[in-house]
Amino acid sequence: MVAADGLYDASMKAIQGYYLIKPQDLHWRPSNLMKIPNADYLEHTGSENLGARLWRLPPKSASTLHKHVRSEEFYFVLEGTGRMRVGDETVTVPKYGGVLVGPDQLRQVFNDTNEEVLWLIIGAPEELEFLQGSKSKMNLSLIYPVKPTQLPKELAGIDWPSKT
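Given the structure is predicted, the values throughout are model-derived calculations rather than measurements.

## Concerning the packing of aromatic side chains
In this structure the tally under the stated criterion is three aromatic pairs. Between Tyr 75 and Trp 119 the ring centres are 6.0 Å apart and the planes differ by 90°, which places this aromatic pair in the edge-to-face class. Highlighted residues: Tyr 75 in strand 5 (residues 72-79) and Trp 119 in strand 10 (residues 117-124), separated in sequence by 44 residues. When its relative accessible area of 0% is taken as the criterion, Trp 119 is described as buried.

## Quick look at the sheet that holds strand 2 (residues 37-40)
An order of 1-2-3-10-5-8 is seen for the six strands of this open sheet, with the pairing classed as antiparallel. Looking at the sheet topology across the chains shown, the edges are occupied by strand 1 (28-30) and strand 8 (98-101). Each strand of the sheet is rotated relative to its neighbour by a mean of 25°, with strand direction disregarded. Relative to strand 8, strand 5 runs antiparallel, the two sharing four bridges. Within strand 8, the position partnered with Glu 73 by the bridge is Val 101.

## Section: unusual backbone geometry
Residue Pro 125 follows Ala 124 across a cis peptide bond; omega there is -10°. Residue position: Pro 125 is located in the loop between strand 10 and helix 1 (140-143). The omega torsion across Trp 160 and Pro 161 is -10°, close enough to zero to call that bond cis. Checked against the element boundaries, Pro 161 lands in the segment after helix 1. The phi dihedral of Lys 35 falls on the positive side, at around 60°, and the residue is not glycine. Examined against the element boundaries, Lys 35 turns out to sit in the loop between strand 1 and strand 2. One non-glycine residue with positive phi stands out, namely Tyr 96, at about 70°.

How each quantity is defined
Residues numbered from 1 in each chain as written. Predicted model: local features only at pLDDT ≥ 70, side-chain atom pairs only at ≥ 80, totals over all residues. Heavy atoms only, no water. Phe/Tyr/Trp six-rings, centres within 6.5 Å; stacked < 30°, edge-to-face > 60°. Helix = DSSP H or I, 4+ residues; strand = E, 2+ residues; numbered from the N terminus. Buried < 20%, exposed > 50% of the residue type's maximum accessible area, 1.4 Å probe, protein only. Pairing = 2+ DSSP bridges. Axes fitted to C-alpha atoms, helices over the stretch in contact; angles between N-to-C directions.

This is the structure we're talking about:
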């Protein structure tokens, strides 16, 4: 990879060979702040260039409101109708539709329907500070410049993540 100054960036190493990831290899877990079920496709590959997760949004739920330092993210709807806010805009994404979001844009995937929505979210380059074994500490205010658990206006009055 070539850095902004035109020099080769050796810190981003490519994997060797390939990895086959089967559905049974995925480990589903709730996200830290918003408790959205998600599975990291690349957690066992050692990839430092790319992130890819499935996010299964239950009805009347939302992920964190966040942005990134370096990563662009591609949001792709596999099941249902996706909804997200990017900056001050609300975007509706049909099944098999996608949205590419730059690192500096606040974004939040949410589900204001009564049906579950399944997203595939791919980001690159990986935020190195979040990789396992990272020696540097991420300044979370760069990712969460505003309250990350706030819900979009479309979910006003909803209790998510549920306190019960």
